[in-house]
Amino acid sequence: MKQIPTWTRGQCLIYGRCSKASQDDSLADQELNIRRFMEEAHLKSPCDPFEDDARRGHDEERPGLLAVLDYVKRHPNPTRTREDYIPILVYSVSRFGRFDDAKKFMWYATEIERHGYEFYSVEDGIRSRGDIEDFIMLLLKGQQAYSFTLDLSAYGLRTGCS
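This text gives an overview of the structure that appears in the document. Keep in mind that what you see is a predicted model, and the values were worked out from it rather than measured.

### Let's talk about empty space enclosed by the protein
Okay, so step 1: If you walk through the whole model with that rule in mind, you get 2 cavities of 30 Å³ or more.
Okay, so step 2: Considering the residues around the second largest cavity, the lining is formed by Ile14, Tyr15, Gly16, Leu27, Gln30, Glu31, Ile34, Pro49, Phe50 and Glu51.
Okay, so step 3: Listed by contribution, the elements that provide at least two residues to the lining of the second largest cavity are strand E1 (13-18), helix H1 (27-41) and strand E2 (50-53).
Okay, so step 4: If one sorts the elements of the lining of the second largest cavity by residue count, H1 sits on top with 4 residues.
Okay, so step 5: Of the residues assigned to the lining of the second largest cavity, the class counts are 6 nonpolar, 2 polar and 2 charged.

### As for the sheet that holds E1
Okay, so step 1: Reading across from one edge, E2-E1-E3-E4-E5 is the order of the 5 strands in this open sheet, with mixed pairing throughout. The open sheet has two edge strands, E2 and strand E5 (126-127), and neither has a second partner.
Okay, so step 2: Taken together, the 5 bridges between strand E3 (residues 86-90) and strand E4 (residues 117-121) define a ladder with parallel strand orientation. Within the sheet, the bridge partner assigned to leucine 89 lies in E4 and is tyrosine 120.
Okay, so step 3: Against the sheet, H1 makes contact with E1, E2, E3 and E4, and its axis sits at roughly 155° relative to E1, the strand it touches most.
Okay, so step 4: The strands touched by helix H2 (residues 63-74) within the sheet are E1, E2, E3 and E4, with E2 carrying the most contacts at an inclination of about 165°.

### Observations concerning the environment of asparagine 33
Okay, so step 1: Summarising the element assignment, asparagine 33 is placed in helix H1.
Okay, so step 2: Distance in space between the C-alpha atoms of asparagine 33 and valine 90 is 9.6 Å, their sequence separation being 57 residues.
Okay, so step 3: Contacts of asparagine 33, omitting those with residues within four sequence positions, involve Tyr91 and Val122.

Parameters at a glance
Within any chain, residue numbers begin from 1 and follow the written order of that chain's sequence. Thresholds applied to this predicted model are a pLDDT of at least 70 for local features of residues and 80 or more for the giving and counting of side-chain atom pairs; totals over whole chains, interfaces and linings are not thresholded and use all residues. Side-chain figures throughout are based on the complete set of non-hydrogen atoms in the structure, without hydrogens or water. Using a grid of 1 Å spacing that covers the protein atoms alone, one calls a set of points a cavity when a 1.4 Å probe fits there but cannot get out, and a pocket when the set is open and has protein on both sides within 12 Å along at least five of seven lines; lining residues are those with an atom within 4 Å of a point. Grid points are joined across faces, edges and corners, and a volume is the space filled by probe spheres set on the points. In DSSP terms, a helix is any run of H or I states spanning at least four residues, a strand is any run of E spanning at least two, and both are numbered starting from the N terminus. Under the grouping applied here, Gly and all other residues not named as nonpolar or charged are polar, the nonpolar ones being Ala, Val, Leu, Ile, Met, Phe, Trp, Tyr, Cys and Pro and the charged ones Asp, Glu, Lys and Arg. DSSP bridges decide pairing: two strands pair if at least two such bridges lie between them. In this analysis, two residues are considered to be in contact whenever any of their non-hydrogen atoms come within 4.5 Å of each other. Note on definitions: angles span 0 to 180 degrees between N-to-C directions of axes, and those axes are lines fitted to C-alpha atoms, for helices only across the stretch in contact.

Here it is, written out as structure tokens:
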């Protein structure tokens, strides 16, 4: 496992998403794991978590996701080094989104990075402003998440038809 990154600002934002109330890794479970990580990383959040409950990962109109984008635009964070970025902590890459195109994830990452923030997956240990390994893992994990969605949909259709 990778070493916990150091962020000089000592701040973070939290984003959680689950597609249905009964799923494993509910919002409460995600937040618990993220808060444990925050203690280890010596981070504090200036606001409540941004959440999308019962929202699909490919839905780009999620209120919590849009609120994160709005927040970073309203609270720009000037940066000089990678450590100056403020992390937006997510439980895993799949909790951020299950986009049908890997470029969509990169668009969101680029958009928040323009304002001095970055995504960090607590479970995966991947940061959007990381090294080439992080970049490749983000693309792979994002594709795996989307493939899982397709498999789940096909399973639902097969089950419903039988």
